[in-house]
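Fold and geometry: a report
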Amino acid sequence: MATHRQVLQWLENELFDGHLVLGQQLPSDRDLAAIHRVSRSTMREALKTLEAQGIVRLFDGPRKSILPMLVREPAASAGPALQLHMATSDYPLRDIVQTRVLLETWALERADPQHPAMSELRALLEQMAQEDLSLKDFHHLEVSFHIALCKTAGNSVVSALMSSLRDSIYEYTMALVGHVPLWSATSERLRAEHQAIYSALEAGDRRLAARLVAEHIEYQYREAGVDPDQEQRSPGPAPDAPSELAAPRTSEERPGAAGHPPGGEAAEVPRSA
């Protein structure tokens, strides 16, 4: 088990047993290294990973030591156990898909079109439209887009729950790439659907945005010929996945390009690949 996951499990147990509380200062990096029987440098890297995940904050201590402290924010308190379980467990694909649909539709039905996360969504759409984007980068951005969608509801716990799924969503969606008929067509469709979801949200049509995101999530698996109710593990690696994405076509060239038709609603996205 990676050291940061080992420390995360230790923190979970200590919190559950009442030996730690949120906001409490933890043992120094030197003491934690001794507890977990790893080198001090290894422990420092593990603590930096946990800091990046929003679980601890690091402070300079005496004799060049590092003093970690558990964060006390509600979103962070909900995240550690889920991040641990999602990282170390092999969940059925069905559970991941259903949980995504539940969280994202709930969030979009309650979304605030003026929420600061809207600017994050716009920036992610622009990045996903880049011509020289690698396959891995595209999927990292796609997962970030869906996490940002959940942020628009303004519920920090829901945002934390969605964030805890990041690695699992990334792994599953990457694994599906090798099963789609033509990745260039799939990537074009994903871009158009992302834009349609954003456009519906921007227009204040929460119900449409929620419906579009549910269809978007579920269709990814249908297109790849994977049944979430039957597939218990990741569909497997993508053997022939391209390293680069095809350049997106312009709105004039792209069938079903997202936007608002004269009626004011976001355009429907065609399902053909």
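Summary of the structure given here. For every chain, the first residue of the written sequence is number 1, and numbering continues from 1 onward in sequence order. Confidence filtering applies because this is a predicted model: local features only for residues at pLDDT of at least 70, side-chain atom pairs given and counted only at 80 or more, and all residues used for totals across whole chains, interfaces and linings. Only hydrogens and water are removed before side-chain values are computed, so all heavy atoms of the structure are retained for them.

Within the chain, the secondary structure is distributed over 11 helices and two strands. The helix and strand labels rest on DSSP assignments: H or I over at least four residues marks a helix, E over at least two residues marks a strand, and numbering proceeds from the N terminus. In the chain, the order of α-helices and β-strands from amino to carboxyl end is α-α-α-β-β-α-α-α-α-α-α-α-α. Residues counted as buried form 47% of the 273 residues belonging to the chain. By definition in these notes, contact holds between two residues if any of their heavy atoms fall within 4.5 Å. Across the chain, the fraction of contacts at a sequence separation of at least 24, relative to all contacts at a separation of at least 6, is 74%. Of the roughly 13500 Å² of accessible surface on the chain, 50% is carried by carbon and sulfur atoms. Each residue is assigned to one of three classes by its accessible area relative to the maximum for its type, calculated with a 1.4 Å probe on protein chains only: buried under 20%, partly exposed between the two thresholds, exposed over 50%. Note on areas: Shrake-Rupley, 1.4 Å probe, and residue coverage restricted to the protein chains presented here.

In this sheet, strand S2 (residues 66-70) lies alongside strand S1 (residues 56-60) in antiparallel orientation, the contact comprising five bridges. In the sheet register, Arg-57 faces S2, and the bridge partner there is Met-69. Linking S1 back to S2 in an antiparallel pair, the connection comprises five residues, with Arg-63 at a positive phi of about 55°. Any two strands between which DSSP finds at least two bridges are classified as paired.

Here the focus is the packing of helix H5 (residues 93-109) against helix H11 (residues 206-223). The angle between two axes is taken between their N-to-C directions and runs from 0 to 180 degrees, where each axis is a line fitted to C-alpha atoms and a helix contributes only its stretch in contact. Following both chains from N to C, one finds H5 and H11 inclined at 165°, their axes separated by 8 Å at the closest point. Taken together, H5 and H11 sit at an angle that is classed as roughly antiparallel. Taken as a pair, H5 and H11 cross one another with a handedness that is right-handed. Within the contact between the two elements, H5 uses Leu-93, Val-97, Arg-100, Val-101, Glu-104, Thr-105, Leu-108 and Glu-109 and H11 uses Arg-206, Ala-209, Ala-210, Val-213, Ala-214, Ile-217, Glu-218, Gln-220 and Tyr-221. Here the nonpolar group is Ala, Val, Leu, Ile, Met, Phe, Trp, Tyr, Cys and Pro; Asp, Glu, Lys and Arg are the charged ones; every other residue, Gly included, is treated as polar. Looking at the contact of H5 with H11 residue by residue, the classes come out as 10 nonpolar, two polar and five charged. Angular relationships are summarised with four words: roughly parallel below 35 degrees, roughly antiparallel beyond 145, roughly perpendicular across 65 to 115, and oblique for the angles in between. Note on convention: the crossing is left-handed when the near helix lies turned anticlockwise from the far helix by less than a right angle, right-handed when the turn is clockwise.

Between Lys or Arg on one side and Asp or Glu on the other, a salt bridge is scored when a side-chain nitrogen of the former is within 4 Å of a carboxyl oxygen of the latter. Inspection of every chain in the model, using the stated rule, returns 10 salt bridges. A salt bridge links Glu-109 to Arg-110; the shortest N-O distance between them is 3.6 Å. Shared partners join several salt bridges into a network, and the residues in it are Asp-29, Arg-40 and Arg-44.

One can describe the packing of helix H6 (residues 117-128) onto helix H10 (residues 183-202) by two numbers: an axis separation of 11 Å at closest approach and a directional angle of 160°. Comparing their axes, H10 and H6 come out roughly antiparallel. Once H6 is placed against H10, the crossing between them reads as left-handed. Residues Met-118, Leu-121, Arg-122, Leu-125 and Met-128 of H6 form the contact with H10, whose own contacting residues are Arg-191, His-194, Gln-195, Tyr-198, Leu-201 and Glu-202. Looking at the contact of H6 with H10 residue by residue, the classes come out as six nonpolar, two polar and three charged.

Now for the packing of aromatic side chains. Between rings of Phe, Tyr and Trp, where Trp is taken as its six-membered ring, a pair exists when centres lie within 6.5 Å; planes separated by under 30 degrees are stacked, by over 60 edge-to-face, and by other angles tilted. A full pass over the atoms with the stated rule returns one aromatic pair. Seen in terms of ring centroids, Phe-138 and Trp-183 are 5.8 Å apart; in terms of plane orientation they differ by 85°. Their pairing is edge-to-face. Of this pair, Phe-138 sits in helix H7 (residues 135-151) while Trp-183 sits in helix H10; the two residues are 45 residues apart in sequence, bridging distant segments of the chain. By the burial criterion, Phe-138 is buried, and Trp-183 matches it.

Of note, Arg-63 is a non-glycine position whose phi angle comes to about 55°, a positive value. With respect to the helices and strands, Arg-63 occurs in the loop between S1 and S2. In this structure, Lys-64 is a non-glycine residue whose phi angle is positive, near 55°. Under the relative-accessibility criterion, Lys-64 is labelled exposed at 74%.

Secondary-structure assignment places Glu-142 in helix H7. Charged residues are defined narrowly, with Lys and Arg counted positive, Asp and Glu counted negative, and His plus the chain ends left uncounted. Despite its burial, Glu-142 pairs with no opposite charge, the nearest such side chain being Arg-100 at 5.9 Å.

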